[in-house]
Amino acid sequence: MAESPRARHFIHAALIVDSDDALRSRLIPALRRSLAAQERVFLVVGAHVERVVRDALGGLADQLEWGERSTFYARLGFAYEGLRRYLAAQYASGGTVHVIAEPDVAGDGEPDAPVDRAAAHLSYESACEEAYAGYGCPVTCLWDSRTHSTALIDSVRNLHNHELTEHGCERNSGHVASADFLKARSEVPLAPAPAAVDLDVALTELDQLTSIRSTLRTWAGQKSFDAEDVGDLVVAVTEVATNGMVHGAPPVRLRGWRHRDMLIVQIDDAGGRRIPPTAGYQRPGGPENVGGRGLWLARQLADVVTTYSVGSGTSVRLHFPHPGADGAPAA
């Protein structure tokens, strides 16, 4: 599938580095060009990249706008939607800004990780080309190949329609359209759920959702989640379970388990109705995005949401890291 005409005009650039020298030779000239042209630049990057930029630019770095990365990337879907809102606000005020973001995701291939957060982030990298295209603000995503696998970096490069090199921002001829990437991702089966789980409930009636909410609150509270995060989990899971009952077919099976400091919930329905690959990535309510509220909301409240549809049903798995846990995002 070809990318949409709207997305084609959105500059979504990859900045891929393998050393501090590469970072300086590619990013610093671009920043100097923007400062000379009096263009606004907003950076959401790690402490190391910020130090490199400040050392290279000196006092000029104070003319850049800086965001807090650890808060911004607390949850993948929330970061994706938060940046969309930021760009929409700039557009509404008549301004533009070049956003440079360094995704705060753990290295891919981490042993015993409950989910590959870096790979999950790629779906948002792909989806943003449609979601951000109308705001007129370029976005550059900085990835360091020293902390990610070659396969993931290759995917990063393919998901951006431009790449920032020593020669400037160049169009990427190998770009993969968002619709194609998200379709391929939706066809990847979920890893098997553990044989022993904390919760295993079959839903056959919508009236059962009241008792499910209570069960989820008790379970998450016993795992030391605070009231706000318990509420987020209950809302996200209930929305997906409701979708399974309304758009799929009962029985809807709900399972929950703990993996290290993360609570994981999987909802399986028996409807056999495929979830559209782009479901939950576009804000619902617009003329082109009728419905889709449940999965969109779940993506804001959980950190990672993965889906898989086959002829016999649909599975949705939601991941909720414990706030402040070592290696987990803190909302």
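Residues numbered from 1 in each chain as written. Predicted model: local features only at pLDDT ≥ 70, side-chain atom pairs only at ≥ 80, totals over all residues. Heavy atoms only, no water.

1. Quick word on the overall build of the chain
Then comes step 1: Along the chain, the regular secondary structure elements total 11 helices and 12 strands.
Then comes step 2: Along the first, second and third principal axes, the C-alpha atoms of the chain reach 65 × 40 × 40 Å.
Then comes step 3: The burial tally for the chain puts 49% of its 331 residues in the buried class.
Then comes step 4: Sequence-distant contacts, at least 24 apart, represent 71% of the contacts inside the chain between residues at least 6 apart.
Then comes step 5: Summed over its atoms, the accessible surface of the chain is roughly 15,100 Å², and 51% of this surface lies on carbon and sulfur atoms.
Then comes step 6: The average position of the 32 basic charges and that of the 42 acidic charges among the side chains of the chain differ by 3 Å. (Helix = DSSP H or I, 4+ residues; strand = E, 2+ residues; numbered from the N terminus. Buried < 20%, exposed > 50% of the residue type's maximum accessible area, 1.4 Å probe, protein only. Contact = heavy atoms within 4.5 Å. Areas by Shrake-Rupley, 256 points an atom, 1.4 Å probe, with all protein chains shown as cover. Lys, Arg positive; Asp, Glu negative; His and termini not counted. Charge placed at Lys NZ, Arg CZ, Asp CG, Glu CD.)

2. Things to note about the sheet that holds strand β12 (residues 313–321)
Then comes step 1: Read across the sheet, 5 strands follow the order β8-β9-β10-β12-β11 without closing on themselves; strand pairing throughout is antiparallel. The outermost strands of the open sheet, each flanked by one partner alone, are β8 (199–203) and β11 (304–310). Here the average twist between neighbouring strands, direction ignored, is 15°.
Then comes step 2: With 7 bridges joining them, strand β9 (residues 252–259) and strand β10 (residues 262–269) adopt antiparallel strand pairing. Paired with Arg255 across the two strands is Gln266, which belongs to β10. (Pairing = 2+ DSSP bridges. Axes fitted to C-alpha atoms, helices over the stretch in contact; angles between N-to-C directions.)

3. A short note on the sheet that holds strand β5 (residues 139–144)
Then comes step 1: Read from one edge to the other, the open sheet built from 7 strands follows the order β3-β2-β4-β5-β1-β6-β7, with strand pairing classed as mixed. The open sheet has two free edges, formed respectively by β3 (65–66) and β7 (168–171), since each of these has just one partner strand.
Then comes step 2: Of the pairings in the sheet, the one linking strand β1 (residues 12–17) to strand β6 (residues 162–165) comprises 2 bridges and is parallel in character. Bridge assignment links Ala14 to a residue of β6, and that residue is Glu163.

4. A closer look at the confidence of the model for the chain
A low pLDDT means the predicted coordinates there should not be read in detail.
Then comes step 1: Of the residues in the chain, 92% have a pLDDT of 70 or more, and the chain-wide mean is 89.
Then comes step 2: Least confident of the elements in the chain is helix α1 (residues 5–8), whose mean pLDDT is 58; most confident is β1, at 98.
Then comes step 3: Across residues 326–331, where pLDDT falls below 50, the model places 17 contacts with residues more than four positions away in sequence or in other chains. (pLDDT = per-residue confidence, 0-100.)

5. A few points about the packing of helix α9 (residues 209–222) against helix α10 (residues 227–247)
Then comes step 1: Two elements in contact, α9 and α10, have axes separated by 9 Å at closest approach and are oriented at 145°. Handedness of the α9/α10 crossing: right-handed. When α9 is examined against α10, the residues Leu209, Arg213, Leu216, Arg217, Trp219, Ala220 and Gly221 are found in contact with a partner set consisting of Val230, Leu233, Val234, Val237, Thr238, Ala241 and Thr242.
Then comes step 2: In terms of residue class, the contact of α9 with α10 is made up of 9 nonpolar, 3 polar and 2 charged. (Left-handed = near helix turned anticlockwise from the far one by under 90°. Nonpolar A, V, L, I, M, F, W, Y, C, P; charged D, E, K, R; others polar.)

6. Some thoughts on the packing of helix α5 (residues 76–92) against helix α11 (residues 293–301)
Then comes step 1: Running from N to C, α5 and α11 point in directions that differ by 105°, and their axes come no closer than 6 Å. Between α5 and α11, the crossing angle belongs to the class labelled roughly perpendicular. Mapping the contact onto sequence places Gly77, Phe78, Glu81 and Arg85 in α5 and Trp296, Arg299 and Gln300 in α11.
Then comes step 2: Partitioning the contact of α5 with α11 into residue classes produces 2 nonpolar, 2 polar and 3 charged. (Parallel < 35°, antiparallel > 145°, perpendicular 65-115°, else oblique.)

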